[in-house]
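Read off the chains here:
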Amino acid sequence: MATEADSPVDAHVGDGADVFVSYAAVDGVWAEWISWQLEGAGHRVTLRAWDFAAGANLVQETQRALSASARMVAVMSQAYLASAAEIAQWQAAWAGDPTGAQRRLVVVRVEDCALPGLLGQLVGVDLFGLDQEEAGARLLTAVAGMRGKPERPPAFPGGLPTEAARTPPRFPGPSDGPSAGWRRVQEADPYWLGVHRPIRVPGAVDRDLPTYVTRDADRATDGIRAKLVAAAGRSGFVLLVGDSSVGKTRTAYEAVRAELPNWWLVHPADPAAVSALIELGTSQLVVWLDEIQNYLDGDHGLNAGTLRRLLGGRGLVVLIATIWPSFYDAYTLLPEPDRPDPHRHAREVLRLAELISLNTTFSPGETGRARAAAAAGDAQIATCLALDHSYSLPQHLAAAPELLNHLTTAPPYAKAVLTAALDANRLGARMPLPPGLLRAAAVDYCTPRQQAEAPVDWFEQALAHNTRRLHGSTSTLTPVGAGMGTLIGYIAADYLRQHASHTRSRTRIPASLWNSLHAHLTDPDDIRRVADAAADRYLYGVAIPLLRKAADAGDSQAAHRLADLLVKAGDDSGAIAVLRVHADAGSSHAADRLADLLVEAGNITSAIAVLRVHADAGNSWAAKRLADLLVQSEGTIELRTRAEAGDAWAASLLSDLLVQTGHNDDAITVLRAHINDPWAARKLADLLAHFGDREELRARADAGDTWAARRLADLLTQSEDTIELRARVDAGDTWAALRLADLLVHAGNHGDAIAILRTHADAGNSQAADRLAELLVQLGDREELRARADAGDMWTARRLADQLLQAGDREELRARADAGDTWAADRLVELLVQTDDRDELGARSEAGDGWATRRLVDLLVQGVGHNDAVALLRAHVDDTWTARQLADLLAQSGDRRELRTLADVGDAWAAYRLVDLLVQAGDHDELRARATTGDTWAANQLADLLARQGDDRLRRFGFTMQGAIADGPTW
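Remember, predicted model here, so these are calculated numbers, not experimental data.

Topic: the side chain of D647
With respect to the helices and strands, the residue D647 is situated in the loop between α32 (636-644) and α33 (648-660). In this structure D647 comes out as buried when scored by relative accessible area, which is 13%. Looking at D647, its side chain comes within polar contact range of the main-chain nitrogen of A650, at 3.0 Å. Beyond its immediate chain neighbours, meaning those up to four positions away, D647 contacts A623, R642 and H674.

Regarding the pattern of salt bridges
Any two side chains of opposite charge can pair if their charged atoms end up close together. For the structure shown, the criterion picks out 68 salt bridges. The salt bridge involving R612 is made with E638; its shortest N-O contact spans 2.8 Å. Of this pair, R612 sits in helix α30 (residues 604-616) while E638 sits in helix α32, and the two are 26 residues apart along the sequence. Note on R612: relative accessible area 29%, which makes it partly exposed. Where E811 meets R814, a salt bridge forms, and the shortest distance between an N and an O atom there is 3.1 Å.

Some words on the pairing of strand β1 (residues 19-22)
Of the two faces of β1, the one holding V19 and V21 and the one holding F20 and S22 are both buried throughout. Here β1 runs beside strand β2 (residues 45-47); their pairing, made up of three bridges, is parallel. The residue of β2 that forms the bridge with V19 is V45. Once the chain exits β1 it traverses helix α1 (residues 28-40) before rejoining the sheet at β2, and the crossover so formed is right-handed. As paired elements, β1 and strand β3 (residues 71-76) share four bridges and run parallel to each other. Bridge pairing in β3 links F20 to M72.

Comments concerning the packing of helix α29 (residues 588-600) against α30
Axis separation between α29 and α30 bottoms out at 8 Å; the angle between their running directions is 165°. Comparing the axis directions of α29 and α30 gives the class roughly antiparallel. In the packing of α29 onto α30, the handedness of the crossing is left-handed. In this structure, α29 uses S588, A591, L594, A595, L598 and V599 to contact α30, whose residues at the interface are I604, S606, A607, V610, L611 and H614. For the contact of α29 with α30, the residue count by class is nine nonpolar, three polar and no charged.

So, the nonpolar core
Ranked by size, the top nonpolar core spans 234 residues in total, and within it V21, I34 and L105 carry the most contacts. When near neighbours in sequence (up to four residues on either side) are disregarded, I34 contacts V73, V75, V108, V110, L127 and L139. Of all hydrophobic cores here, the second largest spans 31 residues; its members include L285, L302, A321 and L350.

Some thoughts on the side chain of D837
For D837, the position within the fold is in the loop between α45 (822-834) and α46 (838-846). Of note is the side chain of D837, whose polar atom sits 3.1 Å from the backbone nitrogen of E840. Ignoring anything within four residues of it in the chain, the contact list for D837 reads R810 and L832.

What about the packing of aromatic side chains?
Overall, the coordinates contain 10 aromatic pairs when judged by the stated rule. On the numbers, 5.1 Å between centres and 65° between planes, the contact of Y912 with W937 is edge-to-face. Linking Y912 in helix α51 (residues 908-921) with W937 in helix α53 (residues 936-948), this pair joins segments that are 25 residues apart in sequence. If you follow R184 out to its NZ or CZ, it ends over the ring of W264, 3.7 Å from the centre. The ring of Y191 carries the charged tip of R197 above its face, separated from the ring centre by 4.1 Å.

Re the confidence of the model for the protein chain
For the protein chain, mean pLDDT is 85; residues scoring 70 or higher make up 91% of the total. Here residues 1-16 is modelled with pLDDT under 50, and outside its nearest four sequence neighbours on either side it reaches 30 contacts, counting other chains as well. Every residue in residues 150-177 scores below 50 in pLDDT, and together they form 43 contacts with partners more than four places removed in sequence or on other chains.

Quick word on the sheet that holds strand β7 (residues 236-241)
Ordered in space as β6-β8-β9-β10-β7-β11, the six strands form an open sheet in which the pairing is mixed. Edge positions in the sheet fall to β6 (183-184) and β11 (354-357), since each has one partner strand and no second. As paired elements, β7 and β11 share four bridges and run parallel to each other. Note on β11: the bridge partner recorded for V241 is S357. Sheet strands touched by helix α13 (residues 325-332): β7, β10 (317-323) and β11. Its angle to β10, the strand with the most contacts, is close to 105°.

Some points on the sheet that holds β1
Picture the strands of a sheet paired through backbone hydrogen bonds; they go either parallel or antiparallel. Overall, parallel pairing links the five strands, which are arranged β2-β1-β3-β4-β5 in an open sheet. The strands lining the two open edges of the sheet, one partner per strand, are β2 and β5 (125-126). Set on the sheet, α1 makes contact with β1, β2, β3 and β4 (105-109); between it and β2 the angle comes to about 165°.

Description of helix α11 (residues 271-280)
Every buried residue of α11 is accounted for by P271, V274, L277 and I278. All buried residues of α11 project into a common sector of 110° when viewed along the axis, lining one side. Residues of α11 that are exposed and point over 90 degrees away from its buried face: A272 and E279. Check the buried side of α11 and you find it contacts β8 (264-266), β9 (285-289) and α12 (304-311). A distance of 3.2 Å separates the backbone nitrogen of A272 from a side-chain oxygen at the start of α11, and that oxygen is part of D270. Within two residues after α11, G281 carries a phi angle of roughly 65°, on the positive side.

Some remarks on α53
Counted at 1.5 Å a residue, the expected span for α53 with its 13 residues is 18 Å, and the 18 Å between its end C-alpha atoms agrees. For α53, the full list of buried residues reads T936, A938, A939, N940, Q941, L942, A943, L945 and L946.

With respect to unusual backbone geometry
Phi is mostly negative for residues that are not glycine, and the peptide bonds are mostly trans. Phi at E634 is positive, roughly 60°, even though this residue is not glycine. Within the element layout of this structure, E634 appears in the loop between α31 (620-632) and α32. Of note, the phi angle at E720 is positive, near 55°, even though the residue is not glycine. For E720, the location among the structural elements is in the loop between α37 (706-718) and α38 (722-730). For E720, a relative accessible area of 58% corresponds to the exposed category.

Reading the values: rules and limits
- Residues numbered from 1 in each chain as written.
- Predicted model: local features only at pLDDT ≥ 70, side-chain atom pairs only at ≥ 80, totals over all residues.
- Heavy atoms only, no water.
- Helix = DSSP H or I, 4+ residues; strand = E, 2+ residues; numbered from the N terminus.
- Buried < 20%, exposed > 50% of the residue type's maximum accessible area, 1.4 Å probe, protein only.
- Polar contact = N/O pair within 3.5 Å; in protein donor to acceptor, adjacent residues only side chain to side chain.
- Contact = heavy atoms within 4.5 Å.
- Salt bridge = Lys/Arg side-chain N within 4 Å of Asp/Glu carboxyl O.
- Pairing = 2+ DSSP bridges.
- Right-handed = clockwise from strand over helix to strand, strands pointing away.
- Axes fitted to C-alpha atoms, helices over the stretch in contact; angles between N-to-C directions.
- Parallel < 35°, antiparallel > 145°, perpendicular 65-115°, else oblique.
- Left-handed = near helix turned anticlockwise from the far one by under 90°.
- Nonpolar A, V, L, I, M, F, W, Y, C, P; charged D, E, K, R; others polar.
- Core = buried A, V, L, I, M, F, W, Y, C linked by side-chain atoms within 4.5 Å.
- Phe/Tyr/Trp six-rings, centres within 6.5 Å; stacked < 30°, edge-to-face > 60°.
- Lys NZ or Arg CZ within 6 Å of the ring centre and 35° of its normal.
- pLDDT = per-residue confidence, 0-100.
- Arc of directions from axis to C-beta.
- Expected span 1.5 Å × (residues − 1).

Here it is, written out as structure tokens:
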């Protein structure tokens, strides 16, 4: 609401602002709460909802705000990351401070969303899942750059751990452990924990592990052992990421044995077992989560809340886990816009971890240590070092080459069974595969002649071949039982599973496997994962029945995706029926989607009824949606009832309605009852300022209401009441100080204005510091600008760098840039661009200046250096921006071949641009080929292309299992 105390509507936004808050429209409530908190702490904020006047040019105002603000807070969510406008804003902020030294871009996540590429390199703050007090404290700490010092002292991370850190006191409980199945770390069986059995060689005892070859990650100051010691001092989560058979589990096992030998160790069977540990409050406990992907999926998968409670409990707890890179990437990759997000809880869990990456190949130092072990008499290591060097030592010890050879040279029926098992795992089936599933699935992996000539016992022969132990250590298929003589099914060797995930990623799954999975899967998580894989391939005939089975078993994620597919097929009533069951069972996500469908169907009354149940149960998002719908449906009576019952959002909307109808006093009364809500407090201050009520504003400002203080300072400024302003300045009122300084400058009294601003700037007030820097620039006081910049004042550093750029002072810019001033580095690059100095730009690019690389690419593209730009990007493809730019340039030149090569090794931007070219060319065949092998972007674009041509069958009915577009429902 505009008031007389607001800036005039023809003023530009961002003038002198400290923070620009960037957000997607759906996160407006979060953005306003964040802005309120920041202004309450003394920051000057530019916010679109508050400061962009009606009729203004959105792009121009945004650009002004970005240019004028010293820092940008990005309110990060799925919607934000899917918005081209918001992406452009954070990229502009990042470009001005690519190293992050000036903290120009502050990332604030308001929901669980993976931060891609450059964003993932920034230290941000999470506000979701917290109460208001904790969220506010975390926000202000992040924006102010304050220290997040833990309550307990961290362990010493350098050098070798002390004996006290290496051997903590024993747990003071019973000697047999606090729970059945627990054991001391030093007594744990490595094979029970998941360490691969090594190959058998003459001279080695079967159960003996080979000598452990210390990895570089063990010795690094930020390696696994240092992180374990640190975690042991305050509780923590350490995650090893690496390919199959590279030694992740052995490395983790040796690390906990070395650092925490007397701690208890538990290997939970499932997420519920992890949750049960919270109530025990056990201290000095290692929670072993080898293959953590098995704990993450489904409605009941491990979530970040559980881990936070476990790690924040009374006792010291260390979680240690392993995961393949392919799983880690899949979990942390953001979904496409408007697509289901089945991995958001997994992403939040993984973001809590301290990551350790383990290389596939041995470094020279590791190889030297392995040779020393062999020389000391380790027969297993000596044998493996003499084998094919294209495999690493851990891979040889785990018989990885023999596994791969066993697959490639297998008889046709054995190969068919094993390949079917590998593809089933690739689609998400992780539980043991029953014999009936494998027998039925293998059919289409055989040629027609092989099918015709198959002997009666072909399947038994295949199983015998695939379960044969290789070098006494492993087999391509391992039988899994449930007691004596009871076979559950078979699991493929993990090395082969990972190998297939790369080599068969573009191979279409045959119908026999889909049919077999549909018929035989019983595990709920497997069902949902395979259903998702089928839906990604537009195989609705498989996806919908599987999703319905999972939804009927209580999986709300499956219900949500099933509803989306039914809506696509035109079955809105079926979608509503599915969602209603889950909404009635308490799923807020189902309720939210159900309300959307009901509103779209014109049934607002039913939508209100659904949301009312969840709002009354304490769901804040349902309460907001409900209040919005009550306004639309003129439900003023219920809106007032909910406001009186404590619903702040209802009170806020009710006050708007009251103001619109001229009931201003009533609106003020409603808002007073919700003064602890930031948005209500701001609205109240606006109304009081509008009516010139200095008395109540003064009382609220004196009680700590910062928005009231701001509005009071505005009123005092309008009336030029310098006496009260100065009194409030003397009492520590930041807003009064800023407004008084403005009046003094207007009156020509720059000295007093600078003195006031300097006092508040030196006390740490960022708005005062920025305004002071602006005045110093206006007065040409470069000496104080340099002094303040050299003392670490980022606002002054920015203003000084701008002046040096305008003056073309390359020498001082270079000197300041080389000393670590990122503003100077940014402006130096701009000066080099203006003078077309490609030599120095190239030198700075080679030295790691990402902004120099980006601007040099721009220069090359603008000229005739397209090929040079591509070559430069190929040499720097180590982040999202360069990968995207390379894909863009390859697409501009129509280079499908290189795009296809990059896409097939996992480059998402190359895959997007390749599909764009295929759409432009109308290449239905390649689009279909990519779609049916799992390229969801290709499937979506093909469906859109066909729909634009008048054929919506693919969008509605998907593909048949043979790869043709279905003419109608296949489920």
